[in-house]
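Coordinates in review
If you want the building blocks of each chain, they are given just below.
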Amino acid sequence: MPHLGPSHDQRYPDADGYFGEFGGNHYPPEMRAALDELAAGYRDLRASPELQRELAAVRIGLQGRPTPVHHLANISKRVGGAHIYVKREDLNHTGAHKINHCVGFALLARAMGKRKLIAETGAGQHGVALASAAAYFGLECEVHIGATDADKMSSNVGRMRLLGAQVVPVVAGQSALTEASESAFHAYVEQHAHALYAIGSAIGPHPFPQIVRDFQSVVGREAREQFLSITDGALPDHVVACVAGGSNAMGLYSGFVDDTDVALYAVEPLGASGQHAATLTFGRSGTLHGARTVVLQEDDGATAPVSSVASGLVYPGIGPEIAMLQESGRIHVDTVSDDEAVGAFFRTSRSEGIIPALESSHALAFAIRLAAHRPSSERILVNLSGRGDKDVDFVLAKYGADPAAS
Ligand SMILES: Cc1ncc(COP(=O)(O)O)c(C=O)c1O
């Protein structure tokens, strides 16, 4: 169906950085100058054909784009319902979708005359992607990671160091992604004269959610074109992504959000034993990391502790654009438990020869559940946001090599 009028991505955010009632800039006024400088730098990058050409070349050479859309024929056959397809973001250089916005931020930093990139990481995927992009563009890199995540993701910590990044372990609170984000932002506040904050997801104050979405939208653009070509002109009926902050989801959604007959799904981690990180399902309106959004909160308004088998999903907030899409009813929100995600991890490994990230396994588990209830004439497209190499040691130690044990 042709789009009439401005597209979703042109309409949002508004001039003040809002997605409906969500978003904006809720950091102290002293950050205003740095964020205005970032917005101006990003406008210049978008308007520069030369920089856009350079970004396109880096996407091909360094990143290995385009990534394919692939039919999970074995699982689809066994489930017997709708057909499941995956957008293979796991095939990106460094193993996840995160590098889509990391190379963008690195190019932006160089164009703005900054010499350093600062970020937080959870599963370590964003940190490794940023360290790689920084090395390529000749920039320094400082990555903050919760001490708990650093222990669990030791191979990614080693990769970041090998790529020349300074890794800062953060010991505070749950020593996870939330604390790493706060620590990284403070470092940015202190160093913004010569450093750029390459935020890990489509979160934070304006203009970060827009910048991350725009850099990630290459996923949706490619997927739409590839899907139409594979299916002789049909769009997917359902588009599925796991969500923490929402970068892989917004990247894929942006190719389909204006197609109102394509259903969009956000899959949240239900964790285990009542400990979860399902922000959209159980959260309420609040302010987190500089944006008005949906936040998991205690009764007294304090940010709630969060948990999931997938480190990259352990976040008590959500990007403001996803919060708006939920409020408007454009996306469906559902949850997947740790056990269900680990089941999909084993199943995709054994049946398809692909070891998915535990984060992406949440989206796969939901797609398998959905497929079983939909007719074989329908098609589900899942963002396979990353590969599971980083998770292998943890899964083998906790569940063994036998999927029946999960
Ligand atoms: C492979 C993978 N998928 C998904 C996510 C979740 O992040 P987002 O919601 O920003 O896509 C992460 C975060 O680390 C990740 O590593």
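Worth saying up front: this structure is predicted, and the values here are computed from it rather than measured.

The subject of this paragraph is the environment of Ser307. Within the fold, Ser307 resides in the loop between strand E12 (291-295) and helix H13 (320-327). Each C-alpha atom of the pair Ser307 and Asp259 lies 34 Å from the other, and the pair is 48 residues apart in sequence. Ignoring any residue separated from it by four or fewer positions in sequence, one finds Ser307 in contact with Gly271, Gln275, His276, Ala277 and Val314.

On to the side chain of Lys116, then. In this fold, Lys116 is placed in strand E5 (residues 116-121). In this structure the side chain of Lys116 is engaged in a polar contact, spanning 2.6 Å, whose partner is the side chain of Glu142. Polar contacts involving the side chain of Lys116 include one to the side chain of Gln191, which spans 2.9 Å. Those residues within four positions of Lys116 in sequence are excluded, and the remaining contacts are Leu139, Glu140, Cys141, Glu142, Gln166, Gln191, His194, Ala195 and Leu196.

Taken domain by domain, the protein consists of domain 1 (17-61 + 97-208) and domain 2 (69-95 + 217-405). Contact with domain 1, which involves 38 residues of that partner, is made by 41 residues of domain 2. It is Phe22, His97 and Lys152 that lose the most area in domain 1 upon contact with domain 2, and together they represent 22% of the buried surface on that side. Taken together, the connections running from domain 1 to domain 2 amount to 0 salt bridges.

Around the ligand there are 18 residues in total, and Ser201, Gly246, Ser247, Asn248 and Ser385 lie nearest to it. For the ligand, a nitrogen atom lies 2.7 Å from a polar atom in the side chain of Ser385. Surface burial for the ligand is 97%, taken as the share of its 390 Å² of free accessible area covered by protein chains. In terms of residue class, the shell around the ligand is made up of 6 nonpolar, 10 polar and 2 charged. Counting the residues that make up the shell around the ligand, at least three belong to each of domain 1 (17-61 + 97-208) and domain 2 (69-95 + 217-405).

The rules behind the values
- Residues numbered from 1 in each chain as written.
- Predicted model: local features only at pLDDT ≥ 70, side-chain atom pairs only at ≥ 80, totals over all residues.
- Heavy atoms only, no water.
- Helix = DSSP H or I, 4+ residues; strand = E, 2+ residues; numbered from the N terminus.
- Contact = heavy atoms within 4.5 Å.
- Polar contact = N/O pair within 3.5 Å; in protein donor to acceptor, adjacent residues only side chain to side chain.
- Domains from an automatic or database assignment.
- Buried area = accessible area lost by both parts, 1.4 Å probe.
- Salt bridge = Lys/Arg side-chain N within 4 Å of Asp/Glu carboxyl O.
- Near = heavy atom within 4 Å.
- Areas by Shrake-Rupley, 256 points an atom, 1.4 Å probe, with all protein chains shown as cover.
- Nonpolar A, V, L, I, M, F, W, Y, C, P; charged D, E, K, R; others polar.

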